[in-house]
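# An overview of the molecular structure
Chain by chain, the residues run as shown.
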Amino acid sequence: MKPDCLILYVHSPAESVLFYRSLLGREPVEQSANFAMFMLNDKAMLGLWAAHDVQPSSGLRGGGAEIGMTVESDAEVDAAVAAWKASGWPVLQPATTMDFGYTAVTTDPDGHRVRVFR
């Protein structure tokens, strides 16, 4: 796994896009009503996800963060979930298919989300 995607939960992706477009001096590479993605460099991305639309939902109102790690296959997502369970880490979202791919979510000790996805 390679940490290469930071996702911020925001109140308004459209408003956040304006800020990050100005800050980064570039356009998002992906944008919808509830999500936008910027390339930070040739390997790292920044996602802006509407807090009210985050899945699995946890009542977030913004200000939360998520570290996204891309893997090459569905099997690697499944292996990550198995490793999390073996380590006693919580599984907030079991492996499932979403709009952007096959994914699962755990948390660090402080409650910050860690998502693996293919």
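Report on the accompanying structure. (Residues numbered from 1 in each chain as written. Predicted model: local features only at pLDDT ≥ 70, side-chain atom pairs only at ≥ 80, totals over all residues. Heavy atoms only, no water.)

### Some words on the overall build of the chain
Our working rule: Secondary structure elements are defined from DSSP: runs of H or I of at least 4 residues count as helices, runs of E of at least 2 residues count as strands, and each element is numbered from the N terminus. Radius of gyration: over C-alpha atoms. The globule rule applied is 2.2 Å multiplied by the number of residues raised to the 0.38 power. The buried label goes to any residue with under 20% of its type's maximum accessible area, the exposed label to any with over 50%, and the partly exposed label to all in between, with areas taken from a 1.4 Å probe on protein chains only. Note on contacts: a residue pair qualifies if any of its non-hydrogen atoms lie within 4.5 Å across the two residues. Computed with a 1.4 Å probe, the accessible areas rest on the Shrake-Rupley method; for each residue, only the protein chains presented here act as cover.
Looking only at helices and strands, the chain features two helices and eight strands. For the chain, the succession of helices and strands along the chain, N to C, is β-α-β-β-β-β-α-β-β-β. The C-alpha radius of gyration computed for the chain amounts to 14 Å, which stays within 12% of the reference 13 Å derived for 118 residues, consistent with globular compactness. By residue count, 39% of the 118 residues in the chain fall in the buried class. Looking at the chain alone, contacts between residues at least 24 apart form 50% of all its contacts between residues at least 6 apart. Accessible surface computed for the chain: about 6800 Å², of which carbon and sulfur atoms make up 55%.

### Description of the layout of surface pockets
Threshold: Here a cavity means grid points, on a 1 Å grid over the protein atoms only, where a 1.4 Å probe fits yet cannot get out; a pocket means an open set of points with protein on both sides within 12 Å along at least five of seven lines; lining residues are those with an atom within 4 Å of a point. Grid points are joined across faces, edges and corners, and a volume is the space filled by probe spheres set on the points. In the scheme used here, Gly and all other residues not listed as nonpolar or charged are polar, with Ala, Val, Leu, Ile, Met, Phe, Trp, Tyr, Cys and Pro taken as nonpolar and Asp, Glu, Lys and Arg as charged.
Approximately 410 Å³ is the volume found for the largest pocket. Along the wall of the largest pocket there are 17 residues; nearest its centre are Glu-30, Phe-35, Trp-49, Asp-99 and Phe-100. If you list the elements that add at least two residues to the lining of the largest pocket, you get β1 (2-10), β2 (30-31), β3 (35-39), β4 (45-50) and β8 (113-117). Here the lining of the largest pocket is built from residues that sort into nine nonpolar, four polar and four charged.

### Re the environment of Glu-76
Structurally, Glu-76 is set in helix α2 (residues 74-87). Along the sequence, Glu-76 and Met-1 sit 75 residues apart, while their C-alpha atoms lie 8.5 Å from each other.

### Focus on the pairing of strand β5 (residues 65-70)
Inclusion rule: Paired strands, as defined in this entry, are two strands with at least two bridges between them according to DSSP.
In this structure, β1 lies alongside β5, joined through six bridges in antiparallel fashion. Bridged to Leu-8 within β5 is Ala-65. As judged from the five bridges shared by β5 and β8, these two strands associate in the parallel manner. Counted as the bridge partner of Gly-68 is Arg-115 from β8.

### A look at α2
Where we set the bar: Given the number of residues in a helix, its expected span is that number minus one, multiplied by 1.5 Å.
Given a rise of 1.5 Å per residue, 14 residues ought to cover 20 Å, and the 20 Å separating the end C-alpha atoms of α2 matches this to within 8%. Its buried side turned inward, α2 meets β6 (91-98), β7 (101-107) and β8. Directly beyond the C-terminal end of α2, a positive phi value near 80 degrees is found at Gly-88.

### Here's the deal with the environment of Glu-72
Tracing the chain through its elements places Glu-72 in the loop between β5 and α2. Taking the C-alpha atoms as reference, Glu-72 lies 19 Å from Ile-7; in sequence the two are 65 residues apart.

### Focus: the environment of His-11
On the secondary structure map, His-11 appears in the loop between β1 and α1 (13-24). Along the sequence, His-11 and Asp-53 sit 42 residues apart, while their C-alpha atoms lie 10.0 Å from each other.

### What to know about the sheet that holds β3
Threshold: A fitted line through C-alpha atoms represents every axis, and for helices the fit uses only the stretch in contact; the resulting angles, taken between N-to-C directions, go from 0 to 180 degrees.
The mixed open sheet is built from eight strands, whose spatial order is β2-β3-β4-β1-β5-β8-β7-β6. With partners counted over all chains shown, the strands left at the sheet margins are β2 and β6, one partner each. As defined by bridge partners, β3 adjoins β4 across five bridges and the pair is classed as antiparallel. Along β4, the bridge assignment pairs Met-39 with Met-45. On top of the sheet, α2 reaches β6, β7 and β8; it is set at about 15 degrees to β7, its chief contact.

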